[in-house]
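# Descriptive analysis of the structure
Spelled out from the first residue to the last, the chains are:
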Amino acid sequence: MNWVRNFTITVSISLATLLAIDVIGYQFKQKIKAFLPNYGYTVEEFSRGYPVGHFRRDEGIGFDITPNFKVRTATKPLGYMPYDVWGNSYGCFDDEWSRDDLTGGIYLAGDSFTWGYARYEKKFGTVLEEILAKKVYACGVTHTGQGHQFEKFKRLYELGVIPDLVVVNVVSNDLDNDYYFPHTDIVDGVMVENIEHCGLFSKNNFQFRRFSHDEVETYVFEKRNEPKTIISLLKQYSLSANVIAEVTRSLRIKIYEARKSRGLCKRSVYAGLHLIGEQYLTSNLTEPNRTYISDWVTHAAVNGYKLIFSFIPSKDPSRNITYPYIKEFITSITGTYSSFDDFCDASCRSLKGAYHRFDIHFSEVGNQLYAEYLVKIIEDASTSNQ
């Protein structure tokens, strides 16, 4: 039975080695996080990781930024410095607006790219305002599509925010957000998903369920009273587990996709509609997005402001395959669009480091580049009106 003894010794030595790596590694956690940003990072599993209190529940649009409330975030994105986020009195992550500044400016609508993922002074809306020396209303709200963005804009418009130009920053996953809109709930200041989808939108097994606010509250209560899982503990304390997770990431994604095709359910609005391609023009799954875009074009025409849909390319270019069909639709309803890809293509963005290293959103460099691009399309829009 020497093999049993040898096996036991080998396993014991291996476990002791991993334990030693974890103990030593934890002493240098902050430095290691520069290479493994998930190491030591903990968040309640039911939460989307945004700072508590930054968003509040909204009966009409699901959720929105809490006005007149300031808090700090250290996780959006991982690997970036902590920074303050807030809502001004109008519920936008922007400086306060005086009554004299509410007309004639530039309104920026959009999702997380427009909301933040960079400190305030480096956001493209802030940079744009500095370059143009003209009022910019930066009203991006993370985790939203054109439906939420249009409804928020109409509310502010009724309050007297009357811009000359509206730029709607379009991102590939807006299609998912619009299909389920209104979605997402807030419980005790924490953003929690209230949609569970199963299967793939391209298969007959695709379906989803929307949870009531009471159900979400119960879910949060149960999650908060559960003991920490082994995976959570390993993620927080084990360097070796984090290394293994990073090395096997692509394999785990493939396994997850295979399970999803067989009907796996996930509490998320992101069902992969960015891959719908040409079906965008006719599918009932994308009809909400087409409706919101069409209604916004009509609203702009009726009220006399300029409207531009600006396409932000994904860090992974394969996510952009539906963009040409969204652009085709916008053209068909006499709308106007522009694309950052024409100003700085994929090789340009990669060379200049336009995205965070460990995140899909713009880095400070990307925000600067996008602001410069917006200056160009705004100037072109002004010239075309003369």
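Here, every reference points to the structure presented above.
All of the points below concern the structure found in this document. Along each chain, numbering runs from 1 in the same order as the chain's sequence is written. Only residues with pLDDT of at least 70 are given local features in this predicted model, and only at 80 or more are side-chain atom pairs given and counted; all residues enter the totals for whole chains, interfaces and linings. In computing side-chain values, all of the structure's heavy atoms are included and hydrogens and water are not.

This brings us to the environment of H148. Secondary structure elements are defined from DSSP: runs of H or I of at least 4 residues count as helices, runs of E of at least 2 residues count as strands, and each element is numbered from the N terminus. Counting through the fold element by element, H148 comes out in helix 5 (residues 146-158). Under the scheme applied here, a residue whose accessible area is under 20% of the maximum for its type counts as buried, over 50% as exposed, and between as partly exposed, the area being computed with a 1.4 Å probe on protein chains only. Under the relative-accessibility criterion, H148 is labelled buried at 2%. Put simply, H148 and F181 are 33 residues apart on the chain and 7.1 Å apart in space, counted from C-alpha to C-alpha. By definition, residues are in contact when any of their heavy atoms lie within 4.5 Å. Setting aside residues up to four positions removed in sequence, H148 forms contacts with I61, F63, D64, V141 and F181.

Moving on, we get to the packing of aromatic side chains. The rule is short: rings of Phe, Tyr and Trp, with Trp giving its six-membered ring, pair when the centres are within 6.5 Å, and they are stacked under 30 degrees, edge-to-face over 60, tilted in between. Per the stated rule, a full pass over the model turns up 36 aromatic pairs. Geometrically, the ring pair formed by Y280 and F329 is edge-to-face, given 6.3 Å between the ring centres and 75° between the ring planes. With a gap of 49 residues between them, Y280 in the loop between strand 12 (265-266) and helix 11 (287-303) and F329 in helix 12 (residues 323-332) connect regions that are remote in the sequence. The rings of Y50, F55, F63, W86, F93, W115, Y117 and Y120 are connected pair by pair, giving a single aromatic cluster. Directly above the ring of Y50 sits K76, whose terminal nitrogen or CZ lies 4.5 Å from the centroid. A positively charged side chain is recorded as over a ring if its NZ (Lys) or CZ (Arg) lies within 6 Å of the ring centre. The angle to the ring normal must also be within 35 degrees. Above the plane of the ring of F93 lies K123, whose end atom (NZ or CZ) is 3.8 Å from the centre.

Now for the sheet that holds strand 7 (residues 165-170). Each pair of strands is called paired provided DSSP finds at least two bridges between the two strands. An order of 6-5-7-13-14 is seen for the five strands of this open sheet, with the pairing classed as parallel. Where the open sheet ends on each side, the last strands, each with one partner, are strand 6 (136-138) and strand 14 (337-339). Neighbour-to-neighbour, the strand axes of the sheet open up by a mean angle of 20°, direction not taken into account. Between the N-to-C directions of two axes lies an angle of 0 to 180 degrees, each axis being a line fitted to C-alpha atoms and, for a helix, fitted only over the stretch in contact. Across the sheet, helix 4 (residues 124-132) lies against strand 5 (106-109), strand 6 and strand 7, angled at about 165° from strand 5, the strand it touches most.

Moving on: the nonpolar core. In this text, buried Ala, Val, Leu, Ile, Met, Phe, Trp, Tyr and Cys residues form a nonpolar core when linked through side-chain atoms within 4.5 Å. Within the largest apolar cluster, 40 residues are counted, with the highest numbers of intra-cluster contacts made by Y107, W296, L307 and F309. Mapped onto this core, the elements with two or more residues apiece are strand 5, helix 5, strand 7, helix 6 (174-180), helix 11, strand 13 (306-311) and helix 12. Not counting chain neighbours up to four residues away, the residues in contact with L307 comprise L165, V166, V168, W296, V297, A300 and T336. Counting residues in each nonpolar core, the second largest holds 27 residues, with V136, A354, L374 and I378 among its members.

Okay, the pairing of strand 10 (residues 195-198) next. Every regular strand shows the same layout, with side chains that alternate between the two sheet faces. The pairing of strand 10 with strand 11 (residues 207-210) spans four bridges and is classified as antiparallel. By the bridge assignment for strand 11, C198 is matched with Q207. Inspection of the sheet shows strand 10 paired to strand 12 by two bridges, in the antiparallel sense. Across the sheet, the residue bridging to H197 is K266, located in strand 12.

Here H274 shows up in the loop between strand 12 and helix 11. Throughout this description, a polar contact denotes any pair of N or O atoms lying within 3.5 Å of each other; where both atoms belong to protein, one of them has to be capable of donating a hydrogen while the other can accept it, and for residues adjacent in sequence the pair is counted only when both atoms sit in side chains. In terms of polar contacts, H274 uses its side chain to reach the side chain of R319, at 3.4 Å. Excluding anything up to four places from it in sequence, H274 contacts S172, L175, D176, R319, I321 and T322.

With that out of the way, let us pick up the state of the cysteines. Counting rule for disulfides: a pair of cysteine sulfur atoms within 2.5 Å. By the definition in use, this model includes three disulfides. Paired through a disulfide, C92 and C139 show a sulfur-sulfur distance of 2.1 Å. Torsion about the S-S bond of the C92 and C139 cystine: about 95°, corresponding to right-handed handedness. In this pair, C92 sits in the loop between strand 4 (83-87) and strand 5 while C139 sits in the loop between strand 6 and helix 5, placing the two residues 47 residues apart along the sequence. Classification of C92 as buried rests on a relative accessible area of 0%. The residue that forms a disulfide with C344 is C348, at a sulfur-sulfur distance of 1.9 Å. Around the S-S axis, the bridge from C344 to C348 shows a dihedral of about -95° and counts as left-handed. Taken as a pair, C344 and C348 share a single burial class, namely buried. The disulfide pattern of the protein chain is 1-2, 3-4, 5-6 when the bonded cysteines are numbered in sequence order.

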